[in-house]
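# Summary of the model geometry
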Amino acid sequence: MSTSEAQRQWQAWREQRTETVSAPYGPLALTGTHWLGDVPDGRIPAIPGRWTARPGEGGGVLLTAGPEDGLTLDGRPLEGEALLRPDSGPATARLAHGARKLLVMRREGQWAVRVYDPQSPGRRAFAGIDTFDHDERWALPGVFRPYERERTIAVENADGLRRGLDLAGELAFGVGGEEYTLQVSAEADGAMWAVFADGTSGVSSYRFRFLKPPPPAADGSVSIDFNRAVLPPCAFADHFICPFPPPGNRLPFDVPAGERNLRTR
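Read on for a plain summary of the structure.

Calculation rules
- Residues numbered from 1 in each chain as written.
- Predicted model: local features only at pLDDT ≥ 70, side-chain atom pairs only at ≥ 80, totals over all residues.
- Heavy atoms only, no water.
- Helix = DSSP H or I, 4+ residues; strand = E, 2+ residues; numbered from the N terminus.
- Rg over C-alpha atoms; globule rule 2.2 N^0.38 Å.
- Buried < 20%, exposed > 50% of the residue type's maximum accessible area, 1.4 Å probe, protein only.
- Areas by Shrake-Rupley, 256 points an atom, 1.4 Å probe, with all protein chains shown as cover.
- Lys, Arg positive; Asp, Glu negative; His and termini not counted.
- Charge placed at Lys NZ, Arg CZ, Asp CG, Glu CD.
- Phe/Tyr/Trp six-rings, centres within 6.5 Å; stacked < 30°, edge-to-face > 60°.
- Contact = heavy atoms within 4.5 Å.

## Observations regarding the overall build of the protein chain
- Along its length, the protein chain carries 2 helices and 17 strands.
- Taking 2.2 N^0.38 as the reference for a compact globule, 265 residues should give roughly 18 Å; the C-alpha atoms of the protein chain span a radius of gyration of 20 Å, in line with that estimate.
- C-alpha atoms of the protein chain, sized along the principal axes, occupy 65 × 45 × 30 Å.
- Scored against the burial criterion, the 265 residues of the protein chain give a buried share of 48%.
- Of the roughly 13500 Å² of accessible surface on the protein chain, 49% is carried by carbon and sulfur atoms.
- Put simply, the protein chain has 30 plus and 34 minus side-chain charges, and the middle of one group is 4 Å from the middle of the other.

Here's what the structure looks like:
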């Protein structure tokens, strides 16, 4: 691919990324993550209804609401009880309170409700994402080396708690004649992601970033383009619980490529 074509595609990616994060129910709209274990009476501040977690994998969240609560389920007023399962995303969340979307989620056996508000302060203050200039030298050939079995390690999260991070393998690539690796996680659909830090972290870029390479080829080869390193969700709202980089994912050099910081008005 020519330099000009790579630049054009990267610019289109940047524009799409800005549209995604600033969407009405994008990460900037998140105004709260409420863990049901913290509300034994089932009452969540600023959210109507009574919320009760049902234990077990086959459980869910039992929501009890009246007409005065103003909640809707699948677009219809909710009166009585509804047993809820995890939503796939905020834009498709089944529950709403006015313009707000109420997303039901489950993490490590714990149930929570997230509130997405198109009128959030973060969304109103958003003025773009500062990004390093595109540099083709940071689009590197690499190889994915899967572990024989998935590993889980405990890492600190943005909310100060330690949680398990599942790791599927490592990405190997070369910089300055030396080989480096990043441990990566894998989703059910084969998508990979790594959380990493480098010499710019906390200096000229956010304290850590995410890298989301494409699925590897059959021989393990994969393109590692740091120009598409992105800010983690917790850079957009404090209510996300992003994992910090695991041991070994702090690169001992600057990576002046990809997203740097959030820009606000």
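There is more to say after this.
## Concerning the packing of aromatic side chains
- Counting across every chain of the model gives 9 aromatic pairs.
- Ring plane angle 20° and centroid distance 6.2 Å describe the contact between Trp-138 and Phe-253, whose orientation is recorded as stacked. You can see Trp-138 sitting in the loop between strand S10 (126-131) and strand S11 (139-156) and its partner Phe-253 sitting in the loop between strand S16 (221-225) and strand S17 (259-264), a full 115 residues away along the chain. The burial state of Trp-138 is the same as that of Phe-253; both residues are buried.
- Judged by centre distance (4.9 Å) and plane angle (70°), the ring pair of Tyr-180 and Phe-253 falls under edge-to-face. Of this pair, Tyr-180 sits in strand S13 (residues 178-186) while Phe-253 sits in the loop between S16 and S17, and the two are 73 residues apart along the sequence.

## Here we look at the environment of Ile-47
- Note that Ile-47 resides in the loop between strand S1 (30-35) and strand S2 (50-54).
- For the pair formed by Ile-47 and Leu-262, sequence separation is 215 residues and the distance between their alpha carbons is 28 Å.
- Leaving out residues up to four positions away in the same chain, Ile-47 has contacts with His-34, Arg-100, Leu-102, Val-113 and Val-115.

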